[in-house]
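Chain by chain, the residues run as shown.
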Amino acid sequence: MVETVIVPLIVILTVLFAVLTTVIFMVLLERKVQAWVQVRYGPMRVGYHGLLQTVADVLKLFLKEDITPARADRWLFTIAPLMALVPALIAFAVIPLSRDLTLFGLRFPGQVADVNVGLLYVVSVGTLGIYGIILGGWASNSKYPLLGSLRSSAQIISYEIAVTMTLVTVIVLSGTLSMTGIVHAQLDKGWWFGFMQPVAFFIYFVGGLAETNRLPFDLPEAEQELVAGFHTEYSGMRFAFFFLAEYTNMIVISAVATTLFLGGWLPPFPNVAWLGFLGVVPGWAWFMLKTFGFLYVFLWVRATFPRYRYDQLMRLGWKWLIPLSIANLVVTGLMKVLV
Amino acid sequence: MAEAAAFYILAALILGFGVLVVTAKSAVHSVLFLVADFLCVAALYVTLQAEFLAVIQVMVYAGGIVVLYLFVVMLVNLKRPPDAQRDPRRLGRLGAVLAVAVMVELAAILAVGWSRPEGEAGALGPSNVAQVGRALYTDYLIPFELASILLLVAMIGAILLARREM
Amino acid sequence: MITATHYLLLSVGLFSLGVIGVLTRRNIIIILMSIELMLNAVNINLVAFSHELQNVVGQAFAVFVIVIAAAEAAVGLGIILAFYRNKETVNIDEMNLLRW
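Residues numbered from 1 in each chain as written. Chains lettered and ligands numbered in written order. Predicted model: local features only at pLDDT ≥ 70, side-chain atom pairs only at ≥ 80, totals over all residues. Heavy atoms only, no water.

K.L.:
Hey, could you run me through the overall build of chain A in this one?
P.N.:
Counting secondary structure elements, chain A contains 12 helices and two strands. Going residue by residue from the N terminus, the α and β elements of chain A occur as α-α-α-β-β-α-α-α-α-α-α-α-α-α. A compact globule built from 339 residues would reach a C-alpha radius of gyration of about 20 Å, and chain A, at 21 Å, matches this within 12%. Viewed in the frame of its principal axes, chain A has a C-alpha envelope of about 60 × 50 × 45 Å. Each of the 339 residues in chain A was classed as buried or not, and the buried ones make up 50%. Considering only contacts in chain A between residues 6 or more positions apart, those separated by 24 or more positions represent 78%. Surface summary for chain A: the accessible area is close to 16,000 Å², and the carbon and sulfur share equals 72%. (Helix = DSSP H or I, 4+ residues; strand = E, 2+ residues; numbered from the N terminus. Rg over C-alpha atoms; globule rule 2.2 N^0.38 Å. Buried < 20%, exposed > 50% of the residue type's maximum accessible area, 1.4 Å probe, protein only. Contact = heavy atoms within 4.5 Å. Areas by Shrake-Rupley, 256 points an atom, 1.4 Å probe, with all protein chains shown as cover.)

Printed below as a string of structure tokens:
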């Protein structure tokens, strides 16, 4: 009973809590980093140096009037934010956040479920998030959301191909689809796959920026052209759900990148003897550190890069990243056979 | 017991969403019910130890094919929905009767003719992704390559068909 | 105890729903979706037998069925778009010309 119900429940709640807390701090961090890059302070009023700013924002969104446009498809308009949020959250089920821990004589697994097709699960769940965006834009029955959602889904589908190809190279290297298995494969090789597959890592990073609609690829919500993209008509709680989904997706991308390319919960160079003291830091702390490092790069890129034009975006995706990822896959396969 | 409960719940969901796909008035709603249906079928595959197929089902059907349908439904912005005006020559009711006849026929075949095929029971491990891969790339290599050529041809054909100027 | 017969019955039901959709609906997009339902019914059969006989070939064939479904959707929707561009309709009753 304790082993089969309570322990998994505790793990699930911990992961969920960790993700939602991370979202709250990401929103604040995003505003702070933007402000620092532009030599400003950012939010300072609520809490110490604005620490509670996001809490205040969420409270405000809770209390705001929740408007449904008169000509909207009510039913779809209501469930679209949920359809965006749920896939983003359930992707965390297979991501190993730590090695298995033993607390109070109970064995806590480091991830909710070690599925033998974990990596494919992440990809397939990730493709479901697109429904929230398309339906949110369509159900609003308004032109900017529709244009924004069409752009967004076209962009996500295009970049998904390149990203999935890079994941295949990781599968070729590690010989397993299980996320924990991939981390262990990096332990065996002694190198993080980020070092062995710099091209794949780069493509994954660019594709991740595009899939989460971040600058320099934030065409779907380019304010100057489309007001706010697919969530223009949303307000209150339902807008908050979209917002949450977007940030959760960023964390998913970072967590997957950490697991696949940065060694998951492994310390740097786990097989080098004189670096063994790094093992003192627990695995989940390494995981958090790497994930936040990756997330910081997202914010950094946002603060420094200008936005692409839509045709440039599509050309980059189809004419550069996809051929590059296929070539990288072929080279990886050849190396695997020859070496 | 749990297996039976899972089967009956999933079967009810699959058939229920199937009915909604066929009967929904708005095409967009129909597409959505189709996604829900496919997700339930994927869950059924998981109960049948076919995790790989379940994931592929979600990735290809829910993530690819149905998105395509959704795009087309949205692009084809209908000013007059096809079900609004009736064609007097159309025999919709006869169609329904025929479909029920097909069902009865299939059920009858099932009741009379079905027996468990002979053959040694192989070993299907709990994690059989590698087995599926091995089957696809050794015994069924030629069908596999043909399928990939078919996909390529379909892709080129779709691009040609959807292009504006011929 | 759930046997292969249960899965076959489920499959018959789903397949018949697809047939009903094809025979009664007028919107060709929904007709194509009904065909997808029928293909899924076939896949349920294949996977159920793969489980029943503990043989992986059923799953391999289901992969092929999914490939066919993807190709069918791509070409079918391409044809629908081309047709819609010319005649502004997706009603199958109005698709009765061999050429125009």
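There is more to say after this.
K.L.:
Explanation requested: the packing of helix α6 (residues 179–189) of chain A against helix α10 (residues 236–261) of chain A in the structure shown.
P.N.:
To characterise two packed helices, one gives the angle between the axes of the helices and the distance between these axes. Residue and element names in this part refer to chain A. It is at 8 Å that the axes of α6 and α10 come closest, and there the two elements cross at 45 degrees. Considered as vectors, α6 and α10 are oriented oblique to each other. Taken together, the residues of α10 that come into contact with α6 (itself represented by M179, I182, V183 and Q186) are T259, L260 and F261. Class assignment for the residues of the contact of α6 with α10 results in five nonpolar, two polar and no charged. (Axes fitted to C-alpha atoms, helices over the stretch in contact; angles between N-to-C directions. Parallel < 35°, antiparallel > 145°, perpendicular 65-115°, else oblique. Nonpolar A, V, L, I, M, F, W, Y, C, P; charged D, E, K, R; others polar.)

K.L.:
Sorry, what's going on with the environment of F52(B) here?
P.N.:
Here F52(B) shows up in helix α3 (residues 51–75). Separated by 11 residues in the primary sequence, F52(B) and V41(B) have C-alpha atoms spaced 13 Å apart. Those residues within four positions of F52(B) in sequence are excluded, and the remaining contacts are V117(A), L120(A), V129(B), V132(B) and V63(C).

K.L.:
It is not clear to me how the packing of helix α2 (residues 28–52) of chain C against helix α3 (residues 57–87) of chain C should be interpreted in this structure. Could you clarify?
P.N.:
Residues and elements named next belong to chain C. Here α2 crosses α3 at 175 degrees, and the two axes come no closer than 9 Å. Taken as axis vectors, α2 and α3 run roughly antiparallel relative to one another. Contacts between α2 and α3 involve I28, I29, L32, I35, E36, L39, N43, L46, V47 and S50 from the first element and G58, Q59, F61, A62, V65, I66, A69, E72, A73, G76, L77 and I80 from the second.

K.L.:
Please explain unusual backbone geometry as it appears in this structure.
P.N.:
With the exception of glycine, most residues fall at negative phi, and the peptide bonds are largely trans. With phi around 55 degrees, V39(A) is a residue other than glycine that occupies positive phi space. Along the chain, V39(A) falls in the loop between α1 (2–37) and α2 (53–63). When its relative accessible area of 75% is taken as the criterion, V39(A) is described as exposed. Even without glycine at this site, Q49(B) takes up a positive phi of about 60 degrees. Here Q49(B) shows up in the loop between α2 (27–47) and α3. Judged by its relative accessible area of 24%, Q49(B) is partly exposed.

K.L.:
Teacher, can you tell me more about the domain arrangement of chain B here?
P.N.:
Accessible area lost upon the coming together of the parts is a frequently used measure of interface size. Domain boundaries in chain B define domain 1 (1–80) and domain 2 (129–166). For domain 1 of chain B and domain 2 of chain B, the distance between their C-alpha centroids amounts to 23 Å. (Domains from an automatic or database assignment.)

K.L.:
What is the right way to look at empty space enclosed by the protein in this model?
P.N.:
Empty space among the atoms becomes visible once a probe the size of a water molecule is rolled across them. Residues and elements named next belong to chain A. Inspection of the entire model under this criterion finds one cavity of 30 Å³ or more. Each pocket or cavity is described by its volume, and for the largest cavity that value is around 510 Å³. Along its surface, the largest cavity is lined by 30 residues, and G126, T127, E211, N249 and I253 are the ones closest to its centre. Of all the elements in the fold, those that place two or more residues in the lining of the largest cavity are α3 (74–90), α4 (118–139), α5 (143–174), α8 (198–211) and α10. It is α4 that provides the largest number of residues to the lining of the largest cavity, a total of nine residues. The residue makeup of the lining of the largest cavity, split by class, is 20 nonpolar, seven polar and three charged. (1 Å grid on protein atoms, 1.4 Å probe; cavity = no way out; pocket = protein on both sides within 12 Å on 5 of 7 lines; lining within 4 Å. Points joined across faces, edges and corners; volume = space filled by probe spheres on them.)

K.L.:
Before we go on, may I ask you to explain the interface of chain A and chain B in this structure?
P.N.:
Residue-level contacts link 24 residues of chain A with 22 residues of chain B. The junction of chain A with chain B conceals about 1,900 Å² of combined surface from both sides, 85% of it contributed by carbon and sulfur atoms. Applying the counting criterion to the chain A and chain B interface returns zero salt bridges. Remark: the boundary between chain A and chain B carries one residue pair in polar contact (both at pLDDT 80 or more). The biggest single contributor to the side of chain A that touches chain B is α4(A), with 11 residues. Considering only residue class, the side of chain A that touches chain B consists of 19 nonpolar, four polar and one charged. (Buried area = accessible area lost by both parts, 1.4 Å probe. Salt bridge = Lys/Arg side-chain N within 4 Å of Asp/Glu carboxyl O. Polar contact = N/O pair within 3.5 Å; in protein donor to acceptor, adjacent residues only side chain to side chain.)

K.L.:
Where do I start with the side chain of N27(C) in this structure?
P.N.:
Tracing the backbone shows N27(C) in the loop between α1 (4–24) and α2. In this structure the side chain of N27(C) is engaged in a polar contact, spanning 3.0 Å, whose partner is the backbone nitrogen of I29(C).

K.L.:
I keep staring at the interface of chain C and chain B and nothing clicks. Help me out?
P.N.:
Opposite the 76 residues of chain C that make contact, chain B presents 86 residues. Counting the surface lost from both chain C and chain B, the interface buries some 7,200 Å², and carbon and sulfur atoms represent 71% of this. Scanning the region where chain C abuts chain B turns up zero salt bridges. For the pair chain C and chain B, the number of links is six residue pairs in polar contact (both at pLDDT 80 or more). Residue assignment for the side of chain C that touches chain B shows that the elements contributing at least two residues are α1, α2 and α3 of chain C. The element best represented in the side of chain C that touches chain B is α3(C), accounting for 25 residues. Within the side of chain C that touches chain B, the residues separate by chemical class into 48 nonpolar, 19 polar and nine charged.

K.L.:
Please clarify how helix α11 (residues 283–304) of chain A should be interpreted in this entry.
P.N.:
Each α-helix winds once per 3.6 residues, and so residues spaced three or four apart point in a common direction. Residue and element names in this part refer to chain A. For α11, built from 22 residues, the straight-helix expectation of 32 Å at 1.5 Å per residue is met to within 8% by its first-to-last C-alpha distance of 32 Å. Inspection of α11 places G283, W286, F287, K290, T291, F294, L295, F298, L299 and V301 among the buried residues, and these make up the whole buried set. Tucked inside the fold, the buried residues of α11 contact α1, α8 and α10. (Expected span 1.5 Å × (residues − 1).)

K.L.:
Would you mind showing me how to read a nonpolar patch on the surface here?
P.N.:
Residues and elements named next belong to chain A. A surface patch of nonpolar side chains, about 830 Å² in accessible area, is lined by I326, V330, V331, L334, M335, V337, L338 and V339. Among the structural elements, I326 can be located in helix α12 (residues 310–338). A residue is classified by how much of its surface remains accessible, and I326, at 36% relative accessible area, is partly exposed. (Patch = residues over 30% accessible without salt bridge, like charges linked within 9 Å, V, L, I, M, F, W, Y side chains within 5 Å.)

K.L.:
When you look at the pattern of salt bridges in this model, what are you seeing that I'm missing?
P.N.:
It is possible for side chains of opposite charge to pair when their charged atoms get near one another. Residues and elements named next belong to chain A. Applying the stated criterion across every chain yields a total of four salt bridges over all chains. Note that R302 and E30 form a salt bridge whose closest N and O atoms lie 2.6 Å from each other. Linking R302 in helix α11 with E30 in helix α1, this pair joins segments that are 272 residues apart in sequence. What emerges from the salt-bridge pattern is a single network uniting R309, D311 and R315.

K.L.:
For this particular structure, what's the right way to read helix α6 (residues 141–162) of chain B?
P.N.:
For α6(B), with 22 residues, the first-to-last C-alpha span of 31 Å sits near the 32 Å given by 1.5 Å per residue. Buried within α6(B) we find A147(B), A154(B) and A158(B). Burial along α6(B) is one-sided: seen end-on, the buried residues are contained in an arc of 30 degrees. Of the exposed residues in α6(B), the ones pointing more than 90 degrees away from its buried face are I142(B), L146(B), V153(B) and I159(B). Here the buried face of α6(B) lies against α3 of chain C. (Arc of directions from axis to C-beta.)

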